[in-house]
Structures are given as structure tokens and as C-alpha cells.
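# Coordinate analysis (summary)
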Amino acid sequence: MKRNIHFTQSSVRHACLFFVLLLLQALPVGAQTVTGTVFADANGNGIKDKREAVLAGIPVSNGRDIVLTDAQGRYRIALEEGYSLFPILPADYTMSGGRVVNAAFVSAEKIKKGQHHFALKPKAAKRKFRLNAVGDVQVSNHQELDYAARTLWPELLATDSADINLFLGDLVNNNLSLYTQLRQMMEMLPSQTFTVLGNHDRDADSVPRKQTRSYNDVFGSDVYAFNEGQVHFIVLNNVYPDGARGYHGRLTKEQLAFVENDLRLVPDNRLICLSMHIPLAMTRNRSELLSLLKGRKEVLAITGHLHRVMRFIYGEPDVNVHELGAGATCGFWWVGERDWEGIPSALQQGGTPRNYFVVDFTDNTYRLRCKAVGLDERRQMNIHITGIDTLDTHLSDLRDIPSGRAIITVWGGCLATQVRVRIDNGAWQEAEKVDLIDPNVARMREMNHLKSYPTRFNRIDPLRRQPSPQVWILPLPAPFDKGAHRIEVEASDAYGFSAHGQRAYCFSAP
């Protein structure tokens, strides 16, 4: 049986001709020719049975070149050592087998006798789907793995949590021996899971081509693409080796070629979602990638690495990129004072607690919100009222701010975000964006400075004295600076972000 593919016949003919010409070139040194079949694994046993259909028109890639399977579901492609082989999944198929989807992609070292078959499992294609963007779990040891198991995993294990979990790199903190256990924990999740490679996920002492060896062995390819609904995801590895253990953000020429080849097959009405570990804003040759995206209008990028929530908006003519730096589920590396369950607070620079982002896609549009780990989903910001907590008078960054000011840290806000406030159901007022340190960061920094933190058995949360990009302020007008009142906050922008918050506060009697 042939698969009904969603490309025009003209585009397929041109693509096939292009890829045939590629394969006629001489094989690079250390490369092998790989052949195989892509088929619909209806019974999920990973073996092509007699009545199971082959899939025509499925793109198969080596991380640079792409070929399409023929009418018999067959492909033929060159594969070099250090690279992996994968199909670019249509929206109505996933990999047969485990739930960590890219773990089923295969490295050159694992292919025997130049042959590999891909078993795909049919699934429903959805117009609407939800993605959990999970930044930097970054566990160093089994204790930190347990922190994640007790706090993050209960949320991800909920059957209605999301359709996809996307882990944004730095899965571990240089301890690659934890890979197997971490993948076992990911396999428990009820949703499809994809992973990104981070700078702490490498065999950093190896030569550049082999620095992804352990990652590829457990989590499959570090470069790939897939489709979900009307969204085309492109996952890249922009951790570029720099010296013995160093790195910087850069994309290789092979990855740029992969993106160029891939985009030829993606209809113009699909939303492109890029994902990599280091923010694209900090990737040295990002302009080369943006030039390939011209004509795509709006592009979403989702990244990790920063251990703080940041959003960037930039682009070139005919392409506008909105980048979500999604923060870290380990916060500031599992450090800080422990709570009543023994979990480190790990408050992030900027004032966001340990978090991930929930992204809801409808066709080629999206909405996003910050989810603080362990907090109710309605808690999306911190609202601090000056003049109530006497600790403010002891904090060098807050003591000069007059009483009766609402300092609002919107977890995920950016320069494009509008923040509105109302008190006691009154008129909405616009808060002012300010360069100010988050009040909780200011408090923790002062406690560090006074040597009150860390207390025994805890590790210091090394927060710096930096303004948060997520802070707004509003003076509370009379009579709202006296007595008991309710404050409500709404935050939103044109890039799909929204947040809501409310609290009660009480000054001395009027």
C-alpha cells in the first residue's frame, strides 16, 4: 500500500531528483550505504508482517541529506560515522516501541550489514495538541534524580499533562552514567517524549565528532525533525566544541544543509518550531539559519540553558522569530535552602521558581504559559507589596522603594508584554516595566551576604545582583494603600503569552 503523502507531485519529483544526485556522489571516508524499509507497524511488534503496509514518501535523513521512500517503502542513503539515521515523522505516525521517540533513531555504529528498517506506529493527527517544554533537569547524582522524580515527574505523569514532552538539554550534569535511569523514567510518561542534547550531556573529553556518542547510544539522534498537527519541529545540536571541554553556540554546515533540505518538503502553511539547547540568540551563526527561514513569516524557537526564563524577539526581512528560553526544572542547579520535604528551593535568576512551559498549539498558532513545579497552575507570578514585610527595610535593593508599591514579577514576561492591574474590581491600570531585581532574589542575596544562608546541610543559591527582565511596578493610589484589598493582575502579549495573578493585602487600618 502507498501512503497518501501531503506534498505536491512537483515538489516530490524535484526532491527525489535532488537526493538521487546526492547519492550518486562518492561516499565520504568512513561512510556506508544504508538501505531499508519504512512500514506501518500495526501490531507494534517492530517486525514487518505480511499484511502490514509499507509507507511511500516518508523522508529519511542522515542529519544532512534527505531521501524519500519509494512505492515499496524502500530508501537508500549514505551514513557517516558519528551521525544517526531517522525518518521525519508525519503527524499521524510515531515510532513503534518506547515513548522516548528519538531513542528509536539509530547511530551509524549500531547499523549491521548496511541495513535498517523503521517501524512506525499509526496515531491520530490532532489539530490541537499540548507540549511541555522542559528545560534543564540537569541531575548530577541519584539524590538529584530523586528530587526530579518527587517534584517534576508527578506533574508529567498525569495522563492529561500533554501530548508531547520536549526535554531541552542538560538532562544530566556531566554524569552520563545516569542516562539509562533517566530514560527509564521518561519511558514511564504517558506521552510521546523527545530530547535535545545540552552542553553537560556530552562526552566532553572526546574528539568533536564523538562527543555525542553516549547520548546517541541512549537517546538516539541529536539532530532530527518531526511533525505534529500543523507544526513542523526541527531539533538541532548547537553545542559546538571549543577546546578540551569548552563550547559555544554554533550550528555545523551539515545541520544547516539538513534544515535547507528539510524545509524544501515542508508546506508554507506549517508553523516551524526550532528547538536546541543554547538559545538561538546566543548562537554565533544564527543569521545563516535565519536566511534559510526567509518566507516562513512567524517562527517559534524553544530553548533551555540559561537557568532563567528569557524571551527574545528578532528576525530578518520575511521571517520573525519568537524565542522562548524556557528556564530550568532544576532551577539554579538543585541548590538553596530546602523546603519541608527536603527539596532545594533553587530559585532562578530573575525570580522564576523551578519551572517548565506549557505550549498549546491549534493548527499553526500557539499559546504559552509558565508552570512552576510544585505550585498550582494558577500561580503564574509573584506580587510583592512594599511596606508590609519588615524584611524589606533590611534589603539594600528594596529599602529605598516607598511603601505602597506593587512589584510584580511575571514569570515569562518580556518587553512586549503588557501588564494591567486592578484593585477591588476597579478600573484597570497599566503597570510600568522597570529594571529592578526581583524581591525574592533580593532577599536571598542578602541572606547569603549576611552568611545566614546557606544553613547546615544546604548549598548556596549563587544569585547575582541583576535586574530581572520580568518586573513591573505600580504605585497603589489612595485609599488602596490602607486597609484590606484585593489586587488582580493580567499579563499578555502578541506572542501567545498570558498570565494571571491575584492576592489579598492589608495595611494598617485607614
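Our structure's up above, just so we're on the same page.
## Remarks on the nonpolar core
Counting 99 residues, the largest nonpolar core has Leu85, Phe258, Leu274 and Phe361 as its most contacted members. Sequence-distant contacts of Phe361, defined by excluding residues within four places in its chain, comprise Arg127, Lys128, Phe129, Leu131, Val231, Phe233, Leu271, Leu300 and Tyr366. Grouped together as the second largest cluster of nonpolar side chains are 34 residues, Val134, Leu145, Phe167 and Met185 included.

## Topic: the sheet that holds strand β16 (residues 271–275)
Read from one edge of the open sheet, six strands run β12-β13-β16-β17-β19-β18, paired in mixed fashion. Of all the strands in the sheet, just β12 (224–228) and β18 (309–316) have a single pairing partner and so form its edges. Within the sheet, the average angular offset between the axes of one strand and its neighbour, ignoring direction, is 20°. Sheet strands in contact with helix α6 (residues 253–263) are β12, β13 (231–235) and β16, and its direction is about 165° off that of β13.

## Side note on the pairing of strand β21 (residues 365–372)
Within β21, six of the eight residues are buried, which leaves it mostly tucked inside the rest of the structure. Two successive antiparallel strands, strand β20 (residues 355–362) and β21, enclose a turn made up of two residues, where Asp363 displays a positive phi of approximately 50°.

## Looking at the environment of Tyr224
Within the secondary structure, Tyr224 sits in strand β12. Judged by relative accessible area, which is 0%, Tyr224 ranks as buried. Measuring from C-alpha to C-alpha, the distance between Tyr224 and Asn62 comes to 8.8 Å, with 162 residues separating the pair along the chain. Non-local contacts of Tyr224, meaning those with residues more than four positions away in its chain, are made with Phe86, Asn102, Phe105, Phe194, Thr195, Phe233, Ile234, Val235 and Phe258. At 2.7 Å, the side chain of Tyr224 and the backbone oxygen of Thr195 are in polar contact.

## Considerations on the environment of Asn285
Its place among the elements puts Asn285 in the loop between β16 and α7 (286–292). Sequence separation between Asn285 and Thr252 is 33 residues; the distance between their C-alpha atoms is 9.1 Å. Ignoring sequence-local partners within four residues, the contact set of Asn285 consists of Arg250, Leu251 and Leu256.

## Brief notes about the pattern of salt bridges
Oppositely charged side chains may form a pair once their charged atoms are brought near each other. With the rule as written, the count across this model stands at 26 salt bridges. Of the charged contacts in the structure, one is a salt bridge between Lys110 and Asp217, with a shortest N-O distance of 3.2 Å. Taken together, the positions of Lys110 in the loop between β7 (106–107) and β8 (118–122) and Asp217 in helix α5 (residues 213–219) put the pair 107 residues apart, joining distant regions of the chain. According to the relative accessible area criterion, Asp217 is partly exposed, its value standing at 46%. One salt bridge in this structure joins Asp318 and Lys297, with 2.6 Å as the shortest N-O distance. Pair noted here: Asp318 is in the loop between β18 and β19 (319–326) and Lys297 is in strand β17 (residues 297–303), with a separation of 21 residues, a long-range link.

## Describing the packing of aromatic side chains
With the rule as written, the count across this model stands at 19 aromatic pairs. On the basis of an interplanar angle of 25° and a centroid distance of 6.1 Å, the ring pair of Phe194 and Tyr224 is categorised as stacked. One end of the pair, Phe194, is in strand β11 (residues 192–195); the other, Tyr224, is in strand β12, and 30 residues separate them in sequence. Here Tyr505 and Phe507 contribute two aromatic rings whose centre-to-centre distance is 5.9 Å and whose plane-to-plane angle is 80°, an arrangement assigned as edge-to-face. Grouping residues by exposure puts Tyr505 and Phe507 together as buried. Every member of this aromatic cluster is reached through a ring pair, and the members are Phe86, Phe105, Phe129, Phe194, Tyr224, Phe226, Phe233, Phe258, Phe361 and Tyr366. When the ring centre of Trp472 is taken as reference, the NZ or CZ atom of Lys433 above it lies at 5.0 Å.

## Here's the deal with unusual backbone geometry
The linkage connecting Tyr453 with the following residue, Pro454, adopts the cis geometry, with an omega of -5°. In this structure, Pro454 sits in the loop between α8 (439–449) and β27 (471–475). For the bond from Ala478 to Pro479, the omega torsion is 5°, close enough to zero to count as cis. Among the structural elements, Pro479 can be located in the loop between β27 and β28 (484–492). Of note in this structure, His305 is not a glycine but carries a positive phi near 80°. With respect to the element layout, His305 can be found in the loop between β17 and β18.

Cut-off values and rules
- Residues numbered from 1 in each chain as written.
- Predicted model: local features only at pLDDT ≥ 70, side-chain atom pairs only at ≥ 80, totals over all residues.
- Heavy atoms only, no water.
- Core = buried A, V, L, I, M, F, W, Y, C linked by side-chain atoms within 4.5 Å.
- Buried < 20%, exposed > 50% of the residue type's maximum accessible area, 1.4 Å probe, protein only.
- Contact = heavy atoms within 4.5 Å.
- Pairing = 2+ DSSP bridges.
- Helix = DSSP H or I, 4+ residues; strand = E, 2+ residues; numbered from the N terminus.
- Axes fitted to C-alpha atoms, helices over the stretch in contact; angles between N-to-C directions.
- Polar contact = N/O pair within 3.5 Å; in protein donor to acceptor, adjacent residues only side chain to side chain.
- Salt bridge = Lys/Arg side-chain N within 4 Å of Asp/Glu carboxyl O.
- Phe/Tyr/Trp six-rings, centres within 6.5 Å; stacked < 30°, edge-to-face > 60°.
- Lys NZ or Arg CZ within 6 Å of the ring centre and 35° of its normal.

Purely geometric stuff here, so don't read any function into it on its own.
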